[in-house]
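Chain by chain, the residues run as shown.
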Amino acid sequence: MRLTRKNPNGSYRIPMCTQKTIRMEWQQEELNVFGEVANLLGEYEDLGTPKELRELLKQKR
C-alpha cells in the first residue's frame, strides 16, 4: 500500500489514516519520528536518490 499522496503542486503528503504505527520522541535535543513511514523512507533512501533511480530506469528501458 502506498503511504504518500501526490499534491497538485508536485509535493507529497502522508495521511495519518494510512499509518499503522508512528512514534515521536525527543532524542539528543531533536524531535524524531519512528514507525512505518520512517522505515519505508529509510529503505528507499538506501536505494539511491530519486535522480539516480530515474537514471537507472532510463538505462533499463
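Residues numbered from 1 in each chain as written. Predicted model: local features only at pLDDT ≥ 70, side-chain atom pairs only at ≥ 80, totals over all residues. Heavy atoms only, no water.

1. Some words on the overall build of the chain
For clarity, the threshold we go by: The helix and strand labels rest on DSSP assignments: H or I over at least four residues marks a helix, E over at least two residues marks a strand, and numbering proceeds from the N terminus. Any two residues having at least one pair of non-hydrogen atoms within 4.5 Å are treated as being in contact. Shrake-Rupley sampling with a 1.4 Å probe provides the accessible areas, and residues are treated as covered by the protein chains on show and by no other component. Counted as positive: Lys and Arg. Counted as negative: Asp and Glu. His and the chain ends are not counted at all. To locate a charge, take NZ of a lysine, CZ of an arginine, CG of an aspartate or CD of a glutamate.
For the chain, the count of helices and strands is two helices and four strands. The principal-axis extents of the C-alpha atoms in the chain amount to approximately 45 × 30 × 20 Å. The long-range share in the chain, meaning contacts at least 24 apart out of those at least 6 apart in sequence, stands at 7%. Accessible surface, the chain as shown: approximately 5800 Å² in total, 55% of it carbon and sulfur. The distance from the centre of the 11 positive side-chain charges to the centre of the 9 negative ones in the chain is 14 Å.

2. Describing a nonpolar patch on the surface
Selection criterion: Only residues above 30% relative accessible area that lack a salt bridge enter a patch, with like-charged residues linked at up to 9 Å and the nonpolar side chains Val, Leu, Ile, Met, Phe, Trp and Tyr linked at up to 5 Å. Each reported salt bridge corresponds to a side-chain nitrogen of Lys or Arg within 4 Å of a carboxyl oxygen of Asp or Glu.
A surface patch of nonpolar side chains, about 660 Å² in accessible area, is lined by Met16, Ile22, Met24, Trp26, Leu31 and Val33. Only β3 (22-27) and β4 (30-35) provide two or more residues apiece to the nonpolar patch. At three residues, the largest contribution of residues to the nonpolar patch is made by β3. By the element assignment, methionine 16 lies in the loop between β2 (12-13) and β3.

3. Here we look at helix α1 (residues 36-47)
Structural remark: α-helix, 3.6 residues per turn; residues separated by three or four positions point the same way. The test is simple: Expected span of a helix: the number of residues minus one, times 1.5 Å.
Here α1 contains twelve residues, and its C-alpha end-to-end distance of 17 Å stays within 8% of the 16 Å for a straight helix at 1.5 Å per residue. Following α1 by one or two positions, glycine 48 has its phi on the positive side, about 140°.

4. Focus on the layout of surface pockets
Take a probe with the size of a water molecule and roll it over the atoms, and the empty space left behind shows itself. Defined as follows: Cavity means a closed set of points on a 1 Å grid over the protein atoms alone, one where a 1.4 Å probe fits but cannot get out, pocket means an open set with protein on both sides within 12 Å along at least 5 of 7 lines, and lining means a residue has an atom within 4 Å of a point. Grid points are joined across faces, edges and corners, and a volume is the space filled by probe spheres set on the points. Lys, Arg, Asp and Glu make up the charged group, whereas Ala, Val, Leu, Ile, Met, Phe, Trp, Tyr, Cys and Pro make up the nonpolar group; the residues left over, Gly among them, are polar.
Considering only enclosed or pocket space, the largest pocket measures out at about 550 Å³ in volume. Around the largest pocket, the lining is made up of 16 residues, and of these Arg2, Thr4, Tyr12, Leu41 and Tyr44 lie nearest the centre. Residue assignment for the lining of the largest pocket shows that the elements contributing at least two residues are α1 and α2 (50-60). With five residues, α1 is the single largest residue contributor to the lining of the largest pocket. Among the residues forming the lining of the largest pocket, the class breakdown is ten nonpolar, three polar and three charged.

5. What to know about the pairing of β3
Rules: Strand pairing is assigned whenever DSSP identifies at least 2 bridges connecting the two strands.
Relative to β4, β3 is paired through six bridges, and the arrangement is antiparallel. Following the sheet pairing, tryptophan 26 is matched in β4 by leucine 31. Between β3 and the antiparallel strand that follows it, β4, lie two residues; glutamine 28 among them carries a positive phi value of about 50°.

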